[in-house]
Amino acid sequence: MEGFFGKRLLVALLLVGSVAGCGSKQEEHQYFISYVDSKQTQTIQVGYEPVEQSFDGMLKEFLGQLATDTDTVEYVKAIPEGVDIRGWEVDQGCLTLDFNSAYSKMDSITEILCRLAIVRTMTQISGIESVRFTVHGEPLTDGKGDFVGTMTLDSFVENPGEQINSFQHASIDLYFANTTGDGLVKETQEVYYNSNISMEKLVMEHLILGPKSKGARKTIPDETKLINIAVVDGSCYVNLDESFRNQNYEIQEPIVIYSIVDSLASLENVERVQISVNGDTSSNYRDDFELSQMYHPDFSYVDARDSKSIVIEDGEQQTIVQ
């Protein structure tokens, strides 16, 4: 077995033939390699036939594939450019991977999807039941400084993609500012949407669009762009562009934050939310709210008397949101 710190892992590009397409193609293969979709919202499993059959051979080959560029625009390699594996060790079914310092510089969404793809891929190998990450020999920590620990596939709950090219109906609860900007107004919208869009993205896009009823105000500037959003293990990572900072200061700081958090936490798969700006969580939003923190919902700002329930309509036709 390779020594953990004694030897470096040489991640080579393995020219082993073409990789099969995603989706149903995966079912034709015993193994798959996990990639990250180009929008950075989920992992994609692509069927793969390994050349090596030995334990060490498959371990090296799979790690190599995780770091190999793809030939499609639909998904990208799980381990980004510049992030290198310094070494590995397997002990009692646990694979420990030691990364260089570039690993710690990934934004939250890229890191969690990278980690999920690696765990998905490597635990297929007989003899690897869990994966542990370190950076220069130090245990990996999350944004709060807590140790991530050993991970299995059960450590993640990923929001799956929906059936392609179909439309669905949903009720979404959105929280906007009240007229004075010191409280939240709940607005329930009935929408039809393209099922290729995840529910968390649907919520954020409608939150950015603003309220449809009187007595409620936008909390997010019109020009704000949603760069990406992902949900893993109950944690929702929202990445907005710099325009998010161009706030209307008539809306109090916690109202803006909990407008986002409470709206997303209304979804069954979201328990907590982290907001980043251009992938950066090192600063504060305004004065008191640190972007590095995970925020749990707080519905104490909501005045139930101001709650609205509306249907998005265009004349007599319900709008299909795509």
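Now for a look at the structure at hand. (Residues numbered from 1 in each chain as written. Predicted model: local features only at pLDDT ≥ 70, side-chain atom pairs only at ≥ 80, totals over all residues. Heavy atoms only, no water.)

### Considering the pairing of strand β6 (residues 130–135)
Moving residue by residue along a regular strand, the side chains alternate between the two faces of the sheet.
Here is step 1 of the chain: Burial analysis of β6 places 5 of its 6 residues in the buried class, which makes it a mostly covered element.
Here is step 2 of the chain: In this region the chain leaves strand β5 (residues 94–99), passes through helix α2 (residues 108–122) and returns to the parallel neighbour β6; the handedness of that crossover is right-handed.
Here is step 3 of the chain: Of the strand pairs in this sheet, β6 and strand β7 (residues 138–139) are connected by 2 bridges, and their pairing is antiparallel. Residue pairing across strands places Thr134 opposite Pro139, the latter belonging to β7. (Buried < 20%, exposed > 50% of the residue type's maximum accessible area, 1.4 Å probe, protein only. Helix = DSSP H or I, 4+ residues; strand = E, 2+ residues; numbered from the N terminus. Right-handed = clockwise from strand over helix to strand, strands pointing away. Pairing = 2+ DSSP bridges.)

### Observations concerning the side chain of Ser243
Here is step 1 of the chain: With respect to the secondary-structure elements, Ser243 resides in the loop between β11 (235–240) and α4 (253–265).
Here is step 2 of the chain: The contact partners of Ser243, leaving out residues within four places of it in the chain, are Pro221, Glu223 and Thr224. (Contact = heavy atoms within 4.5 Å.)

### Focus: the sheet that holds β6
Here is step 1 of the chain: Strand order across the open sheet formed by 4 strands is β4-β5-β6-β7, with mixed pairing between neighbours. Taken across any chain shown, the strands that pair with only one partner, and hence form the sheet edges, are β4 (85–91) and β7.
Here is step 2 of the chain: Bridge analysis of β4 against β5 gives 6 bridges, and the strand direction is antiparallel. Counted as the bridge partner of Ile85 is Phe99 from β5.
Here is step 3 of the chain: Its contacts with the sheet place helix α1 (residues 55–66) against β4 and β5, and it is angled at close to 145° to β4.
Here is step 4 of the chain: Packing of α2 onto the sheet brings it into contact with β5 and β6, and relative to β6 it is tilted by some 140°. (Axes fitted to C-alpha atoms, helices over the stretch in contact; angles between N-to-C directions.)

### Structural notes on the packing of α1 against α2
Here is step 1 of the chain: One can describe the packing of α1 onto α2 by two numbers: an axis separation of 10 Å at closest approach and a directional angle of 150°. Classified by the interaxial angle, the pair formed by α1 and α2 is roughly antiparallel. Between α1 and α2 lies a crossing whose hand is right-handed. Along its contact with α1, which presents Leu59, Phe62, Leu63 and Leu66, the element α2 presents Ala117, Ile118, Thr121 and Met122.
Here is step 2 of the chain: Looking at the contact of α1 with α2 residue by residue, the classes come out as 7 nonpolar, 1 polar and no charged. (Parallel < 35°, antiparallel > 145°, perpendicular 65-115°, else oblique. Left-handed = near helix turned anticlockwise from the far one by under 90°. Nonpolar A, V, L, I, M, F, W, Y, C, P; charged D, E, K, R; others polar.)

### With respect to the pattern of salt bridges
Here is step 1 of the chain: Tallied over the entire structure, the rule returns 10 salt bridges.
Here is step 2 of the chain: Between Glu242 and Arg245 there is a salt bridge, with the nearest N and O atoms lying 3.3 Å from each other.
Here is step 3 of the chain: With a closest N to O distance of 2.7 Å, Arg272 and Glu271 form a salt bridge.
Here is step 4 of the chain: Salt bridges linked by common partners bring Asp69, Lys77 and Glu81 together as one network. (Salt bridge = Lys/Arg side-chain N within 4 Å of Asp/Glu carboxyl O.)

### Some points on the environment of Arg286
Here is step 1 of the chain: By the element assignment, Arg286 lies in the loop between β13 (284–285) and β14 (289–290).
Here is step 2 of the chain: Judged by relative accessible area, which is 19%, Arg286 ranks as buried.
Here is step 3 of the chain: Spatially, the C-alpha atoms of Arg286 and Pro254 are 10.0 Å apart, while their sequence positions differ by 32 residues.
Here is step 4 of the chain: Among residues more than four places away in sequence, those in contact with Arg286 are Gln247, Asn248, Tyr249, Ile251, Gln252, Glu253 and Val256.
Here is step 5 of the chain: Engagement of the side chain of Arg286 in a polar contact is seen with the side chain of Tyr285, the distance being 3.4 Å. (Polar contact = N/O pair within 3.5 Å; in protein donor to acceptor, adjacent residues only side chain to side chain.)

Purely spatial values, then, with no claim about function.
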